[in-house]
Amino acid sequence: MNRFLYGTLLVLISVIITGCAAQQTSVSSLVGSTAPEFTLENTSGGQTSLSDFSGEPVLLFFHMAVG
């Protein structure tokens, strides 16, 4: 029974570690790449496109509006 439990835990931990490592690799490969064009509503009721900031560093901050 203990051998089966330890084997199951070992497999589960291996799957979790492999999944986390794969996710880190895919995210880090996107750093420094060009983002796709998109347009979103801004807080003033208008629209803002990523291309409006061409050549400038951009930090996106998404916040769920309450109201």
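The structure displayed is predicted, hence computed values, not measured ones.

### Some details on the layout of surface pockets
Step number 1: Of the volumes computed, that of the largest pocket is approximately 360 Å³.
Step number 2: As for the largest pocket, its lining consists of 15 residues, and the residues nearest its centre are Leu40, Glu41, Thr48, Leu60 and Phe61.
Step number 3: Counted by class, the lining of the largest pocket contains nine nonpolar, five polar and one charged residues.
Step number 4: Space inside the second largest pocket adds up to approximately 270 Å³.
Step number 5: The wall of the second largest pocket is formed by 13 residues, among which Ser33, Thr34, Ala35, Leu50 and Val58 lie closest to the centre.
Step number 6: Class assignment for the residues of the lining of the second largest pocket results in six nonpolar, five polar and two charged.

Here is what the cut-offs are and how they apply
Residues numbered from 1 in each chain as written. Predicted model: local features only at pLDDT ≥ 70, side-chain atom pairs only at ≥ 80, totals over all residues. Heavy atoms only, no water. 1 Å grid on protein atoms, 1.4 Å probe; cavity = no way out; pocket = protein on both sides within 12 Å on 5 of 7 lines; lining within 4 Å. Points joined across faces, edges and corners; volume = space filled by probe spheres on them. Nonpolar A, V, L, I, M, F, W, Y, C, P; charged D, E, K, R; others polar.

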